[in-house]
Amino acid sequence: MIKTMPIAQVRKELNQFPDMFAAEPEASALAVTRRGKPVLALMPWALYEGISETLAVLGDETLAEALREGIRQLDMGEGAVWQTQ
């Protein structure tokens, strides 16, 4: 669930957000508002990295096609189990 907070309050409480995100994993992001309208989003770094990587893959046609093919293979039961040691 995305919480909202006015920018004035964010300024006062900025140093508390890392603890808030750690304590509330369901709080994926914070919508920062100005005059009641969202203007910024604050989120944990791991979420930002995940979004950036996803956009990079989807923005590269070769990688996006490989992803679609992998999903198709899994749907058809053709996927292989990845073994780690």
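Our subject is the structure listed above.
The notes below deal with the structure included here. All values derive from a computational prediction rather than experimental measurement. (Residues numbered from 1 in each chain as written. Predicted model: local features only at pLDDT ≥ 70, side-chain atom pairs only at ≥ 80, totals over all residues. Heavy atoms only, no water.)

**Concerning helix 4 (residues 61-75)**
The terminal C-alpha atoms of helix 4 lie 21 Å apart, and with 15 residues this matches the ideal 21 Å at 1.5 Å per residue to within 8%. The N-cap of helix 4, judged by a side-chain oxygen 2.9 Å from the amide nitrogen of Thr62 a few residues on, is Asp60. Positioned one or two residues after helix 4, Gly77 has a phi angle of 75°, which is positive. (Helix = DSSP H or I, 4+ residues; strand = E, 2+ residues; numbered from the N terminus. Expected span 1.5 Å × (residues − 1). Polar contact = N/O pair within 3.5 Å; in protein donor to acceptor, adjacent residues only side chain to side chain.)

**Quick look at the environment of Ala23**
Tracing the sequence through the fold places Ala23 in helix 2 (residues 17-23). What makes Ala23 exposed here is its relative accessible area of 61%. (Buried < 20%, exposed > 50% of the residue type's maximum accessible area, 1.4 Å probe, protein only.)

**So, the sheet that holds strand 1 (residues 3-6)**
One open sheet holds the three strands; their spatial order is 1-2-3, and the pairing between them is mixed. Of all strands in the sheet, those bounded by a partner on one side alone are strand 1 and strand 3 (37-42). Taking each pair of neighbouring strands and ignoring which way they run, the sheet shows an average axis angle of 35°. Here five bridges tie strand 2 (residues 30-34) to strand 3, and the two strands are oriented antiparallel to one another. Bridge pairing links Val32 to Leu40 in strand 3. (Pairing = 2+ DSSP bridges. Axes fitted to C-alpha atoms, helices over the stretch in contact; angles between N-to-C directions.)

Scope: geometric values only; no functional claims are made or implied.
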